Amino acid sequence: MTIDIEGLREFIEARDRSDPPYFAGRKEVIADIETICRTMWQRHTAGAPQHKGMTRIIHGAPGAGKTSLLGHLACRRNDGEPRIVNMPGPDSLESGDELAALLAGALKAGLDKTVLQQYNRHMQLQLGIGGTHVQHGREVSDPRQPDPVRSVLAHHPVKKWQYPVVLAIDEFQNTAGDRFSPHARILQAVHNQKYQAPIMLVLAGLGDTVDRAMELGLSRPAQGTTWTLGCFDEAESDDLIAGWGRHFGLPDGDWRNTMRGIAEDCDHWPVHVQNALMALADEVVAADGKLEDVQSSVVRARSRKRQLAYYRQRMSPEIEGSAYLVGAMMRDLEPARGVIGVDRLIRQHCIDESGWRLPDGMTVNDFTRHLIHRGALHKHLDTGTVECPIPSFRAWLIEQGEPPHENDPEPDSRPSPGF
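Residues numbered from 1 in each chain as written. Predicted model: local features only at pLDDT ≥ 70, side-chain atom pairs only at ≥ 80, totals over all residues. Heavy atoms only, no water.

**Digging into the sheet that holds strand E7 (residues 226–228)**
For clarity, the cut-off: For two strands to count as paired, DSSP must find a minimum of two bridges between them. Counting from the N terminus, the helices are DSSP H or I runs at least four residues long and the strands are E runs at least two residues long. The angle between two axes is taken between their N-to-C directions and runs from 0 to 180 degrees, where each axis is a line fitted to C-alpha atoms and a helix contributes only its stretch in contact. Throughout, a contact is declared for two residues whenever any of their heavy atoms are within 4.5 Å.
In space, the five strands of this open sheet follow the order E2-E5-E6-E1-E7, with parallel pairing throughout. Either end of the sheet is taken by a strand with one partner, and the two such strands are strand E2 (83–87) and E7. Adjacent strand axes in the sheet meet at a mean angle of 15° when their direction is disregarded. Where strand E1 (residues 56–59) meets E7, three bridges bridge the pair, whose relative direction is parallel. Residue pairing in the sheet places His 59 in a bridge with Thr 228 of E7. Contacting E1, E2, strand E5 (165–169) and strand E6 (199–205), helix H3 (residues 66–75) crosses the sheet at an angle of about 145° to E2. Packing of helix H5 (residues 96–107) onto the sheet brings it into contact with E2 and E5, and relative to E2 it is tilted by some 155°.

Okay, structure coming up:
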């Protein structure tokens, strides 16, 4: 077996925002989406009305693998499988012409150009037809945006469809507007099956994604329609490590035990496992594929460095400025007490001193929501519990939140728990 050095170099250069070369885990989520698509297609072919509220919401802290999951689904193009319109962010949704083109292109090759031309022509005709609204103290025109889904259906009716379609929107928590925005009305129409077409919504984002979906007019998710992506279990980490090794031609050996140990130390958090593999790739490439020259201690050190960089990326200016308050809250956090318990702890520990104050302009509730938005906390809808999704991240936040005593080193230079 020959090690793919060039492939490993590409893997290193791609960093952790690209789809992994080998996808592991999340089988229940994938099976659920496939089941809904299969049911939609069966009802479509039978001429039966579609069920409402088949939207799925996938949420979790940064690095849980939401983007990788959507990318994996989009790569599956076997006959009979749904076509995935994979939007890396809500911009494509908010831009009606882009959504129309993406949907049309997924249904039929070349249809996107025809639909886009017609859509833009309709937009030009609508200019000046709409009403007005007040913006910054003056009236401005409010053109009526054509419905991008109906624009597609006008050229390619449902009876011509050959497979179901999934509109998958990543980073959904960043979607702009309110329930009356044009793109919100599209979401509502798909969610409530106003088009009577086999179209499924999959919304992926951080812990506040469900709240954002409801603000945009989607009904409260029914039980079983939301998925929280958390840590891998041991078998999923092992599958990722072994599959990654096969992909790049690494023979079995002690490196796998080293990777298993690192995965255990970092709580099997998906992005940490991937970054550990990236650290190994660095050393394998440097050794020109000679695994016997790769030192596990160096791989562990590189992996730890990436793990700490991930934690620092989660630290917004607001969290950094209230680090002592956050550390004390994390230390005393009781997940079963939910959001109310978080609010209580913040009020309990908040004092008018540097590091202990709430961020400027934020209420206790605002700060709780901010911690959820940044991935420091996660709310489980089924139980109402709120916890830090990564145990080692919680330990790091607690450590960073310890007020220094005289002659103490700076927090980041103190020994950190880990490998």
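**Thoughts on the environment of Val 115**
In plain terms, the rule: Only protein chains enter the area calculation, which uses a 1.4 Å probe; residues under 20% of their type maximum are buried, those over 50% are exposed, and those in between are partly exposed.
Assignment of secondary structure puts Val 115 in helix H6 (residues 111–126). On the basis of relative accessibility, which here comes to 0%, the residue Val 115 falls in the buried class. C-alpha separation for the pair Val 115 and Val 152, spaced 37 residues apart in sequence, amounts to 6.2 Å. Once residues within four sequence positions are removed from consideration, Val 115 is found in contact with Ala 100, Ala 104, Ser 151, Val 152 and His 155.

**Digging into the packing of helix H12 (residues 270–286) against helix H13 (residues 296–313)**
What counts is decided by this rule: Our angle categories are set so that under 35 degrees counts as roughly parallel, over 145 as roughly antiparallel, 65 to 115 as roughly perpendicular, and the remainder as oblique. Should the near helix be turned anticlockwise from the far one by less than a right angle, the crossing is termed left-handed; should it be turned clockwise, right-handed.
Two elements in contact, H12 and H13, have axes separated by 8 Å at closest approach and are oriented at 135°. The orientation of H12 relative to H13 falls into the category oblique. Of the two possible hands of crossing, H12 and H13 adopt the one that is right-handed. Every residue of H13 that contacts H12 at Val 271, His 272, Asn 275, Ala 276, Met 278, Ala 279, Leu 280, Asp 282 and Glu 283 is listed here: Val 298, Val 299, Arg 302, Ser 303, Arg 306, Gln 307, Tyr 310 and Tyr 311.

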